[in-house]
Amino acid sequence: AKRKKPVMLSVFSLLIFLPAVVLQQTPGGDVYDQIWSNVRASCLPDLQSTFDLSDLSQWQYVQELPIPPPMPMTSSNSEADYYEVAARPGTAEILPGVQTPVFVYGSKNHPGTFTYPAHTIVQPADRLVKVKWINELMDANGNYVPHLFPIDQSLHWANPGCDETECLKEPYMGPIPISVHMHGGNTTEESDGHPDAWFLPNAKNIPNNFARHGPIYEHFKEESPFGDEWTVDSLVADYIEVHQAHIWYHDHTVGITRLNVHAGMVGLWEVAGGLGSLDGNRLVPPDCEVPLVLQDRTFNADGSTFFPNRQFDALRTINYPLCGEPTCNGLGPSDVPPIWVPGYLGDVNTVNGKAWPYMNVKRGCYQFPILNGALARSYNLSMSDGRKMRVIGSDHSFLSQDTWVDWIFLMNAERTIIQIDFSDATPGSTIELLNTVSCAIP
């Protein structure tokens, strides 16, 4: 028999450029209300890449879609599977031929596993998994690295420097705290990645007056059955799941969750077997299950990721007081953050860490567990040839009854599992998975 020619599935063809908006303050109106109403009306301002994307043929459908491989275990015994997962600085080829600085997770004992997005933790249902989460956000000399994006110190956040000044306009440049959360799972509080259970890297140059841990870290260390395994730069969490599930893990540090997630600290977590498993008529071959992590980015001219802040974006085109400055009505100092802005919408869609990748598929049925890992963007997904999608799963588990749809809408952090049948696709043809939402809130 002749081999069937593959069908090319080009993932994400729609390039969305966002309109800039100039905000006008109404007389007597609250500046926050006015800013947010304008943002809602016109998406987010001025987030077009300064990186040269004018010739899209250089960037679209050049890179093949990668599939995050399983995270390797450190050890396994009759009681539990044990992982040691560290966060480190690194680079990723998000745009073809361009190295973008990122923060990534990987197995401490397997240097080649530090990728964006991270390797997938695969957990058999009813099987205990222990993870030692380690903060290694340091350079080769053992000194801490500053964040890739500006951190607004006027907000409520981790604040390792313990600076109690009400308004600091300068971005924080110190060691980066992390706390890792398994999103969608069931666990006890000391293993949940509490925003205030953060911890710093064990860097050589941390000032003596810096707090090494969040305010609830020591309490959880005492509660944890593995507290004696916690170290100054880590904690040990345990997880047990009974339902088959498509979930994920990401940073959860108070005040900088979105910065750490956007820096690259995100990965999938698959629970296999157990309650709610698929019955035989909905199974696909293992090589036909392809997870998709959807995110959006904006790039600086040098290929690094741009993250908006009030000092550089269009919000400063109107004259309003920032934190600590006198207000127009004389009722007290302003509390408008000097750096923070609401939301983030990039102009480059990425899938599994690649900008506009392609995927060669065989004729047959494929299963796609999908995560919207964007900070603010919603996705409305459909097929360019009108092909229907079979929805078989939602945020945590499989559905008791399938639904066939023309499109599926996902807000940030939502998950779904869909199946797409390419059996009748013309060999050698191109089918595009489209996003038809250009705003965070359509």
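Predicted, not measured: the structure shown is a model, and the values here were computed from it.

Draft legend 1. Quick peek at empty space enclosed by the protein. One pass over the structure, following the stated rule, counts four cavities of 30 Å³ or more. Empty space within the largest cavity amounts to approximately 120 Å³. What lines the largest cavity is a set of 14 residues, and nearest its centre among them are P150, D152, R258, L259 and W340.

Draft legend 2. Looking closely at the nonpolar core. Ranked by size, the top nonpolar core spans 53 residues in total, and within it Y105, V131, W133, L137, Y239, Y249 and W269 carry the most contacts. Ignoring sequence-local partners within four residues, the contact set of W133 consists of V85, I121, V180, F199, D233, S234, L235, A237, Y239, Y249 and W269.

Draft legend 3. View of the pattern of salt bridges. Applying the stated criterion across every chain yields a total of eleven salt bridges. As a salt-bridge pair, K130 and E229 come within 3.3 Å of each other at their nearest N and O atoms. Of this pair, K130 sits in strand β6 (residues 129–135) while E229 sits in the loop between α2 (217–223) and β8 (234–239), placing them 99 residues apart in sequence. A relative accessible area of 13% means that K130 is categorised as buried. A salt bridge links R387 to D424, with the nearest nitrogen and oxygen atoms 2.6 Å apart. On the criterion of sequence distance, the pair formed by R387 in the loop between β16 (379–383) and β17 (389–393) and D424 in the loop between β20 (415–421) and β21 (430–435) is long-range, its members being 37 residues apart. On the accessibility criterion, R387 (14% relative accessible area) is buried. Accessibility expressed as a relative area gives 62% for D424, which makes it exposed. Within this structure, R88, K108 and E136 form a network of salt bridges that share partners.

Draft legend 4. A look at the environment of I240. Looking at where I240 falls in the secondary structure, it is placed in the loop between β8 and β9 (245–251). Linking I240 and L128, residues 112 residues apart in sequence, is a C-alpha distance of 4.9 Å. Each residue touching I240, except ones within four places of it in the same chain, is listed here: Q123, D126, R127, L128 and N186.

Conventions used here
Residues numbered from 1 in each chain as written. Predicted model: local features only at pLDDT ≥ 70, side-chain atom pairs only at ≥ 80, totals over all residues. Heavy atoms only, no water. 1 Å grid on protein atoms, 1.4 Å probe; cavity = no way out; pocket = protein on both sides within 12 Å on 5 of 7 lines; lining within 4 Å. Points joined across faces, edges and corners; volume = space filled by probe spheres on them. Core = buried A, V, L, I, M, F, W, Y, C linked by side-chain atoms within 4.5 Å. Buried < 20%, exposed > 50% of the residue type's maximum accessible area, 1.4 Å probe, protein only. Contact = heavy atoms within 4.5 Å. Salt bridge = Lys/Arg side-chain N within 4 Å of Asp/Glu carboxyl O. Helix = DSSP H or I, 4+ residues; strand = E, 2+ residues; numbered from the N terminus.

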